[in-house]
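# Structure at a glance
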Amino acid sequence: MQKKQKYILNFKEISKKDIAFVGGKNGSLGEIYSQLSAKGISVPNGFALTSAAYWHIIKTNKILPQLEGLFKGLDANNIEQLQKIGKVARSLTLKLNFPEDLKEEIVKSYQDLEKEYGKNCEVAVRSSGVAEDAPNASFAGQFETFLNISGKEQLFSAIIKCLTSNFNDRVIAYRQEKGFPQLKFALSIGIQKMVRSDLASSGIIFTLDTETGFENIISINSIFGVGEMIVKGKITPDQFYVFKPTLKQGYKSIIVKNLGRKNKKYIFAKNSGLKEVAVLPEKQLMFSLEEEDILQLAKWALLIEEHYGSPQDIEWAKDGKTGKLFIVQSRPETIHSQEEQRVHYFQEYKLKTKGPPVLTGIAIGNKIGQGEVKILARVSDISEFRKGDILVTRMTDPDWLPVMRLASGIVTDEGGRLCHAAIVSRELGVPAIVGTKNATKILKNGEMVTIDCASGSEGKIFKGKIPFEVKKYNLKEIPKLKTKIMVNIGAPEIAFKTSFLPQSGVGLAREEFIIAEKIKVHPLALYHFNELKDEKLRKQIERITVEHKNKKEFFIKELAEGVAQISSAFWPKEVIVRFSDFKTNEYRGLIGGKMFEGQEENPMLGFRGASRYLDTDFQPAFQMEIQAIKRCRDIFGLKNISLMVPFCRTPEEGKKVIELVEKFGIKKGEVKIYVMAEIPSNIILADKFLDIFDGMSIGSNDLTQLVLGLDRDNGKIAYIGDERNEAVKHVIKKVIEICKKRKKYIGICGQAPSDFPEFAQFLVEQGIESISLNPDTVIKTIIAIAKE
């Protein structure tokens, strides 16, 4: 008998060539089981009912003519008609009986699993559509899945319920949208031994960044208990980013570890199915995966991706009884894998407002949406929804798909980056903001709102119809320049997206944003935490650093991860990381800052840059900065990081800073160390500075104020502070000449080239090696320079 005629196939018999009769999900499971087990990937065993079995059941029960009559003239956009047809189709399939020959085969296959795993072993029963998980359609979560099923009778019941889910309203609507014929679409049912993840952890892996499509990252999400809790959106999983290129080189390249909000989990219920229970408070503060498990899963994900030759969406589980990891599913990633034009086009959305949002949450996608608010409490209310409305609800599940297709934006109270609303909105290309906590209470039915997912990882909701612009660039048409164009970047969360711009790396990676927005606490308050007497301050710091007993480690981890996100985004291109350049008033504004900072009349000219690092009181903070950079280079393998010293007044200061860097563990010969050219002494004594440093980067903001003798924070004389001033251009021209003569690096990372295209042209004429720009000005500046 030919394979496609068989009713049941064991996983060891299945390969990706069999998708036509076992569907994408089962085809992939069989492929990994049969082809990749030898490479060390563990997959729980199982078997699949083929599409031949599906049609055998349908035809034996003689319901096909009734179904054909039902689906004539279907319009899935007519929600009432859709619900009526779906209800009748499901009532027909729920009454299906198994043909005796098929029933015997199911019993035999289950008994084979019992021999391997024990009497009445628990299995997962999942549907796999024949067109399911094709690269242009995910069907994610639309068919029913039944977990913790044991014994023959439970198995028979679960299979019938799976078959019935082929006619769920959301499935019918999705099939019509994607152009799949309703009654030529069969289901294959996969029966797989369940992993006891209820006693350990489970989650989802993407072999790219889900928001941007950046392909050098493996994103691992993890929770305690059975993985279905992730899609429900009731919790936020732990998230880990592993950097592929240096993982392949043998580095432990877990560049980001974010602790989730895991207060609930699913465990096995007594008879079948799952039961929701609370996670113990002390366990909520623990990561749900050990480092060696994260690295093992990342290596498996790489093998699976390389085997298939495309980005993958993978489900994994850890068995709490054996401590072993398993892959339980892999399918093509369906959003960014379709965006081949992403390589050739760059699209920017920009909202034209400086006002505050009324609400924030987690941004999904990179677009802006507008429409009238429609708050729906239940899926049964979807008939009230109009095309173009903004859907606002507590959380969605697969039954919401028909209305999500009509929305111009989606907002939910609950959920994280992998909840149902996030997954589906990405696929539909609809901007969504999830996890707002109280959108259903703050927003009002009928009011016009604008939702902004284009300004970073935080999604913002504004009242009214706010103007915005969309720019789309064909990257093939962007001219090539002799001068290197680099980017200035401070926020790690925009790094992956920014990497798609035409650029030659990062001319200025600022630590200040990471310290102010991620760490929030003065580094010395963390270093001296155990000595702090202020109980209120101690509690405030405890809340922020809750996952760390060692507060110094909190600073090092957060700074290292922020720098690593930026460096990995542009790898292997150079990323120049500037040491922290907060002024005294800015350090004072951090939590605990007033204990360690005085007040200065003019912080711009005060205790900052090199002189701060050399101060014995501040040196422990500088040492933590060095430890963070060292972690990026030595542990994560990000050797593309170079360093830069800001506000270095004298060559003597420069020498001492480098000695300190070496004392704290980074050797100058192993990494390039530049100095900012932003003080007149840097230009006057350029040769002496270049004896010490590997090159210079012009800081045109500070250089302008110091050449012209003004305080750039003073609004009354701000009009004088123009980098195009003849005196400023004169010193810039001089420093470029000296660096070129010494064959040392010379670039610029100040604001001027971003603001004034003619100033950028002046720099090119002087032969500057690189111009580092704000991301939103890169393309327009390249075009302006090329025209000259």
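Whatever comes next refers back to the structure up there.
Residues numbered from 1 in each chain as written. Predicted model: local features only at pLDDT ≥ 70, side-chain atom pairs only at ≥ 80, totals over all residues. Heavy atoms only, no water.

### Topic: the overall build of the protein chain
Filter applied, for reference: Counting from the N terminus, the helices are DSSP H or I runs at least four residues long and the strands are E runs at least two residues long. Note on exposure labels: buried denotes an accessible area under 20% of the residue type's maximum, exposed denotes more than 50%, and partly exposed covers the range between, all computed with a 1.4 Å probe on protein chains only. Residues scored as positive are Lys and Arg, those scored as negative are Asp and Glu, and His as well as the terminal groups of each chain are ignored. All charge positions are set by atom: Lys at NZ, Arg at CZ, Asp at CG, Glu at CD.
Tallying secondary structure elements over the protein chain gives 30 helices and 30 strands in all. Principal axes of the C-alpha set define a box for the protein chain whose edges measure 95 × 50 × 50 Å. Residue burial in the protein chain is summarised as follows: out of 788 residues, 57% are buried. Side-chain charges in the protein chain split into 116 positive and 99 negative, and the spacing between the mean points of these groups amounts to 2 Å.

### Some details on helix α29 (residues 757-765)
Inclusion rule: Residue contacts are counted whenever heavy atoms from the two residues lie within 4.5 Å of one another.
Within the sequence span of α29, burial applies to Phe-759, Ala-760, Gln-761, Phe-762 and Leu-763. Against the buried residues of α29 lie α27 (726-741), β29 (745-748), α28 (752-755), β30 (770-773) and α30 (778-787). With its phi angle positive at about 85 degrees, Gly-767 sits one or two positions after the end of α29.

### So, unusual backbone geometry
Here the residue pair Trp-571 and Pro-572 is connected by a cis peptide bond, since its omega of 5 degrees sits within 30 degrees of zero. On the secondary structure map, Pro-572 appears in the loop between α19 (551-570) and β25 (575-578). The backbone of Asn-120 sits at a positive phi, close to 50 degrees, despite the residue not being glycine. Checked against the element boundaries, Asn-120 lands in the loop between α5 (100-117) and β3 (123-129). Positive phi outside glycine occurs at Phe-647, with the angle close to 45 degrees.

### What to know about the side chain of Asp-293
With respect to the secondary-structure elements, Asp-293 resides in helix α11 (residues 291-308). A residue is classified by how much of its surface remains accessible, and Asp-293, at 9% relative accessible area, is buried.

### Brief notes about the pattern of salt bridges
For clarity, the cut-off: Within this document, salt bridges are pairs made up of a side-chain nitrogen of Lys or Arg and a carboxyl oxygen of Asp or Glu, the two lying within 4 Å of each other.
Throughout the structure, instances matching the rule amount to 42 salt bridges. Salt-bridge contacts for Glu-535 lead to Arg-538; the nearest nitrogen and oxygen are separated by 3.8 Å. Of the two residues, Glu-535 and Arg-538 both sit in helix α18 (residues 535-544), 3 residues apart, roughly one turn of that helix. On the basis of relative accessible area, Glu-535 is assigned to the partly exposed category, the value being 48%. In this structure, Lys-557 engages Glu-558 in a salt bridge whose closest nitrogen and oxygen atoms are separated by 3.3 Å.

### Thoughts on the nonpolar core
For soluble globular proteins, nonpolar side chains are generally found buried alongside one another. As a reminder of what qualifies: What we call a nonpolar core is a set of buried Ala, Val, Leu, Ile, Met, Phe, Trp, Tyr and Cys residues that are connected through their side-chain atoms within 4.5 Å.
Ranked by internal contacts, the top residues of the largest apolar core, which has 103 residues, are Met-696, Ile-698 and Val-735. For this core, the leading source of residues is α19, giving 10 residues. Ile-8, Ala-76, Ile-149 and Ile-159 belong to the second largest nonpolar core, which has 46 residues in total.

### Description of the environment of Asn-271
Following the sequence through the fold, Asn-271 ends up in the loop between β10 (264-268) and β11 (274-278). The class of Asn-271 is exposed, set by a relative accessible area of 62%. When the C-alpha positions of Asn-271 and Gln-154 are compared, they lie 9.5 Å apart, and in sequence the two are 117 residues distant. In this structure, Asn-271 is in contact with Asn-148, Ser-150 and Gln-154, ignoring residues within four places of it in sequence.

### Some points on helix α26 (residues 700-708)
For α26, the full list of buried residues reads Ser-700, Asp-702, Leu-703, Thr-704 and Gln-705. For α26, the secondary structure elements touched by its buried residues are β27 (673-677), α24 (680-684), β28 (695-698), α27, β29 and α28. Note on α26: the residue one or two positions beyond its end, Gly-709, has a positive phi of about 65 degrees.

### Remarks on the environment of Ser-611
Take Ser-611: it is sitting in helix α21 (residues 610-614). Ser-611 sits 422 residues away from Ile-189 along the chain, and the two C-alpha atoms are 68 Å apart. Once residues lying within four places of it in the same chain are set aside, the contact partners of Ser-611 are Gly-606, Arg-649 and Glu-653.

The analysis is restricted to geometry; functional conclusions fall outside its scope.
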